Amino acid sequence: MMYHSTRDNNCKVTDAQAIAQGLAPDGGLFVPDSLPTLSLEEIQALAKLDYRGRAAAIMHKFLPSFSKEELDGFVSRAYGKNYDHDAIAPLRFTDDNTAYLELWHGPTCAFKDMALQMLPLLLTASLKKIGEQRQVCILVATSGDTGKAALEGFRDVEGTSIIVFFPRDGVSDIQKLQMTTQAGKNVLVSSVVGNFDDAQTGVKKIFSDKDFAEKLSAKGYFLSSANSINWGRLLPQVAYYVSAYCDFVNAGKLELGQPLDFCVPTGNFGNILAGWYAKQMGLPVGQFLCASNANNVLTDFLTTGTYDRNRPFHATISPSMDILVSSNLERLLCAKGGESAVSQWMAQLNQEGKYTVSEEVKASIQADFQAGFCDDEATKAEIQRVFQKFGYLIDTHTAVASKVLGDKRAQGQVRPTVVVSTASPYKFAVDVLDALGVQDPKDPLAELSAASSTTIPAPLAGLAEREVRFRGCVEKTEMQALVDQFLA
Ligand SMILES: *Cc1c(COP(=O)(O)O)cnc(C)c1O
């Protein structure tokens with residue numbers, strides 16, 4: 001099975017090349033030429049396996065250059081004792097028709113662990129398979145969750161190093177402590193004067209500096225990114241949709257073959273797109289419900305067929321969904337409209353900040369996706385409602401999806417649905433407490449634990465006692481020198 005660029009069907013690579021390169025040379029994303037299939041008999045067999053068995057089987061269908069034994073080894077490392085729940089991605093039912101898929105039992109308490117505990121294993125193996133001799137240095141600009149999850153994934157992984165830049169003004173105290181106390185010999189963390197845009201612009205500048213790339217190459221290094229455009233980050237996510245379906249059936253609340261809906265809190269469109277690939281393979285999914293916060297560019301696109309990023313940016317209490325350009329949407333557009341149409345739309349997005357798809361493409365997308373959004377007030381009210389009604393605590397991102405599903409149900413659409421739960425409520429403790437009526441907490445984690453009678457996840461509980469290893473802060477103009485120095 002080969003992969004090609006979303007902007008050019010003739011730009012072909014192997015699975016290992018797609019993962020090693022990350023982005024196609026023409027700026028497109030890599031997608032499989034054709035999708036493997038998944039029959040009901042196979043789903044029935046997967047339902048008898050644990051999460052690791054399910055994940056290895058799904059990934060094996062997409063990665064012909066990797067043996068099943070190799071992938072079995074990867075899943076036991078990526079989804080093992082580093083998770084605080086044996087099921088890895090458990091379903092929590094609130095009624096017979098509704099379950100929350102908890103994807104935050106990993107080392108950083110957000111769903112990005114599901115992919116970033118696996119990506120380093122896939123990437124280092126891919127580099128070996130293509131004969132790459134140089135060491136990879138992962139560069140990340142982060143507004144919070146991705147940086148920490150990438151650090152945990154790559155720390156002490158042989159043949160790699162990782163540098164994370166976060167904006168001095170603009171990450172929460174917990175997120176900052178999570179990063180500055182990071183363990184590992186091959187890691188560097190630094191803040192940057194300014195906001196996320198400054199950090200992001202600085203990293204992009206380093207990536208596009210050809211002279212610098214040659215200088216690093218002479219020293220035996222090359223730079224790569226860990227963001228969700230890499231196929232190796234998307235693929236591990238396909239598995240938990242299949243796994244959730246198996247568990248819904250195992251719970252006796254769905255007949256094998258009966259359709260199940262998924263409601264997904266969405267930013268970059270990576271998570272929900274992985275689910276769509278599972279559906280294309282044959283997983284019985286009814287529809288996907290794409291849930292946004294006040295940055296509702298996807299709601300508008302899925303309703304009207306016009307994607308328009310020319311709009312104000314809102315900083316919300318679900319910051320990991322504060323995104324105006326959802327890069328993974330390009331993969332869906334490629335499947336629905338073809339490579340040459342994608343090239344045109346992306347050029348228009350670049351020049352005018354917007355594009356409109358044809359009526360056929362819009363209808364085809366709407367057959368698979370519905371959309372909705374809610375603001376911060378509604379998000380908080382939903383956290384309180386779910387806690388009071390079910391005694392179940394959800395985070396601000398999950399609450400957006402939960403609320404959007406509630407709106408559809410109020411319109412009479414009642415179908416079995418999984419709400420994809422993307423972060424532990426403790427990661428956004430201050431806003432979750434606010435939703436429960438506790439303002440200005442002195443010790444947010446302890447107070448959330450007391451208010452909800454739940455336990456603080458171990459990776460967050462010990463944070464305050466951990467030694468801060470990285471206190472550095474650089475100007476935007478000094479970032480490149482820091483990379484150079486670290487790789488000396
Ligand atoms: C990254 C993130 C999202 C958005 O996921 P996408 O794949 O970008 O759509 C939602 N919730 C949380 C907690 C996240 O960290």
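Structural data are supplied above this passage.
A short tour of the structure in this document, coming up. Computed from a prediction, not measured in an experiment: that's the story for all the values here.

What counts, and at which threshold
- Residues numbered from 1 in each chain as written.
- Predicted model: local features only at pLDDT ≥ 70, side-chain atom pairs only at ≥ 80, totals over all residues.
- Heavy atoms only, no water.
- Pairing = 2+ DSSP bridges.
- Helix = DSSP H or I, 4+ residues; strand = E, 2+ residues; numbered from the N terminus.
- Axes fitted to C-alpha atoms, helices over the stretch in contact; angles between N-to-C directions.
- Phe/Tyr/Trp six-rings, centres within 6.5 Å; stacked < 30°, edge-to-face > 60°.
- Buried < 20%, exposed > 50% of the residue type's maximum accessible area, 1.4 Å probe, protein only.
- Near = heavy atom within 4 Å.
- Polar contact = N/O pair within 3.5 Å; in protein donor to acceptor, adjacent residues only side chain to side chain.
- Areas by Shrake-Rupley, 256 points an atom, 1.4 Å probe, with all protein chains shown as cover.
- Contact = heavy atoms within 4.5 Å.
- Nonpolar A, V, L, I, M, F, W, Y, C, P; charged D, E, K, R; others polar.
- Salt bridge = Lys/Arg side-chain N within 4 Å of Asp/Glu carboxyl O.

So, the sheet that holds strand E3 (residues 30-32)
Across a sheet, strands are paired by hydrogen bonds formed along the backbone, either parallel or antiparallel in direction.
Turning to step 1, where the next piece is worked out: Read from one edge of the open sheet, three strands run E2-E1-E3, paired in antiparallel fashion. Strand pairing shows two members of the sheet lacking a second neighbour, strand E2 (8-13) and E3, which therefore form its edges. Across this sheet, the average inter-strand angle for adjacent strands is 45°, counted without regard to direction.
Turning to step 2, where the next piece is worked out: Of the strand pairs in this sheet, strand E1 (residues 3-5) and E2 are connected by three bridges, and their pairing is antiparallel. Looking across to E2, one finds that Ser 5 is bridged to Asp 8.

Topic: the packing of aromatic side chains
Pairs of aromatic rings are described using the distance from one ring centre to the other and the angle between the two planes.
Turning to step 1, where the next piece is worked out: Counted under the stated rule, the structure contains 19 aromatic pairs.
Turning to step 2, where the next piece is worked out: Measuring from centroid to centroid gives 4.9 Å for Phe 93 and Phe 248, while their planes differ by 70°, and the two rings are edge-to-face. Of the two residues, Phe 93 is situated in strand E4 (residues 91-95) and Phe 248 in helix H11 (residues 231-250); the sequence distance between them amounts to 155 residues.
Turning to step 3, where the next piece is worked out: Aromatic ring contacts, followed pair by pair, group Tyr 240, Tyr 241, Phe 262, Phe 269, Phe 288 and Phe 369 into a single cluster.

Details of unusual backbone geometry
Negative phi characterises most residues that are not glycine, and trans characterises most peptide bonds.
Turning to step 1, where the next piece is worked out: The residue Asp 156 is not glycine, and still its phi comes out positive at about 60°.
Turning to step 2, where the next piece is worked out: Following the sequence through the fold, Asp 156 ends up in the loop between helix H7 (145-154) and strand E7 (160-167).
Turning to step 3, where the next piece is worked out: Among the residues examined, Asp 156 registers a relative accessible area of 45% and is labelled partly exposed.
Turning to step 4, where the next piece is worked out: Phi is positive for Asp 440, close to 45°, though the residue is something other than glycine.
Turning to step 5, where the next piece is worked out: Structurally, Asp 440 is set in the loop between helix H19 (429-435) and helix H20 (444-452).

What about the sheet that holds strand E5 (residues 98-102)?
Turning to step 1, where the next piece is worked out: Reading across from one edge, E4-E5-E15-E10-E11-E14 is the order of the six strands in this open sheet, with mixed pairing throughout. In the strand order of this sheet, the two ends are held by E4 and strand E14 (369-373), each with one partner. Pairs of neighbouring strands in the sheet enclose a mean axial angle of 25°, with direction left out of account.
Turning to step 2, where the next piece is worked out: Two elements, E5 and strand E15 (residues 417-421), share five bridges in a ladder whose sense is parallel. Counterpart to Thr 98 in the pairing with E15 is Thr 417.

Description of the site of the ligand
Turning to step 1, where the next piece is worked out: Neighbouring residues of the ligand: 15 residues in total, closest Lys 112, Asp 145, Gly 267, Asn 268 and Thr 422.
Turning to step 2, where the next piece is worked out: At 2.9 Å, a backbone N or O of Asn 271 approaches an oxygen atom of the ligand.
Turning to step 3, where the next piece is worked out: Separating a nitrogen atom of the ligand from a side-chain N or O atom of Thr 422 is a distance of 2.9 Å.
Turning to step 4, where the next piece is worked out: Across the complex, the protein chains shield 96% of the 390 Å² of accessible surface that the ligand would expose by itself.

Quick word on the packing of helix H12 (residues 270-281) against helix H14 (residues 329-337)
Turning to step 1, where the next piece is worked out: The N-to-C vectors of H12 and H14 enclose an angle of 35°; their axes lie 10 Å apart at closest approach. Of the residues in H14, those in contact with Leu 273, Trp 276 and Tyr 277 of H12 are Arg 331, Leu 332, Ala 335 and Lys 336.
Turning to step 2, where the next piece is worked out: Residue classes in the contact of H12 with H14 are distributed as five nonpolar, no polar and two charged.

Here we look at the environment of Val 164
Turning to step 1, where the next piece is worked out: Here Val 164 is to be found in strand E7.
Turning to step 2, where the next piece is worked out: Measuring from C-alpha to C-alpha, the distance between Val 164 and Val 285 comes to 37 Å, with 121 residues separating the pair along the chain.
Turning to step 3, where the next piece is worked out: The residues touching Val 164, leaving out its near neighbours within four places in the chain, are Val 140, Thr 142, Gly 147, Leu 151, Met 179, Leu 188, Val 189 and Ser 190.

Quick word on the pattern of salt bridges
Turning to step 1, where the next piece is worked out: For the structure shown, the criterion picks out 24 salt bridges.
Turning to step 2, where the next piece is worked out: The partner of Glu 152 in a salt bridge is Arg 155, with the nearest N and O atoms 3.4 Å apart.
Turning to step 3, where the next piece is worked out: Looking at Glu 152, the relative accessible area reads 16%, which means it is buried.
Turning to step 4, where the next piece is worked out: Several salt bridges share partner residues, and in doing so they unite Lys 148, Glu 152 and Arg 155 into one network.

Digging into the pairing of strand E9 (residues 221-224)
Turning to step 1, where the next piece is worked out: Alternating residues of E9 divide into Tyr 221 and Leu 223 and Phe 222 and Ser 224, and every residue in both groups is buried.
Turning to step 2, where the next piece is worked out: The pairing of strand E6 (residues 135-141) with E9 spans four bridges and is classified as parallel. Counterpart to Val 136 in the pairing with E9 is Phe 222.

Let's talk about the side chain of His 105
Turning to step 1, where the next piece is worked out: Relative to the helices and strands, His 105 is located in the loop between E5 and helix H5 (112-116).
Turning to step 2, where the next piece is worked out: For His 105, a relative accessible area of 8% corresponds to the buried category.
Turning to step 3, where the next piece is worked out: Within the structure, the side chain of His 105 is placed 2.7 Å from the side chain of Asp 84, a separation counted as a polar contact.
Turning to step 4, where the next piece is worked out: Of the polar contacts made by the side chain of His 105, one reaches the side chain of Glu 102; its length is 2.8 Å.
Turning to step 5, where the next piece is worked out: Ignoring sequence-local partners within four residues, the contact set of His 105 consists of Asn 82, Tyr 83, Asp 84, His 85, Ile 88 and Pro 90.

Points about the side chain of Ser 326
Turning to step 1, where the next piece is worked out: When you line up the elements, Ser 326 lands in the loop between strand E12 (306-308) and H14.
Turning to step 2, where the next piece is worked out: Since its relative accessible area comes to 5%, Ser 326 is described here as buried.
Turning to step 3, where the next piece is worked out: Apart from residues lying up to four places away in sequence, Ser 326 is in contact with Gly 267, Asn 268, Phe 269, Leu 298 and Tyr 307.

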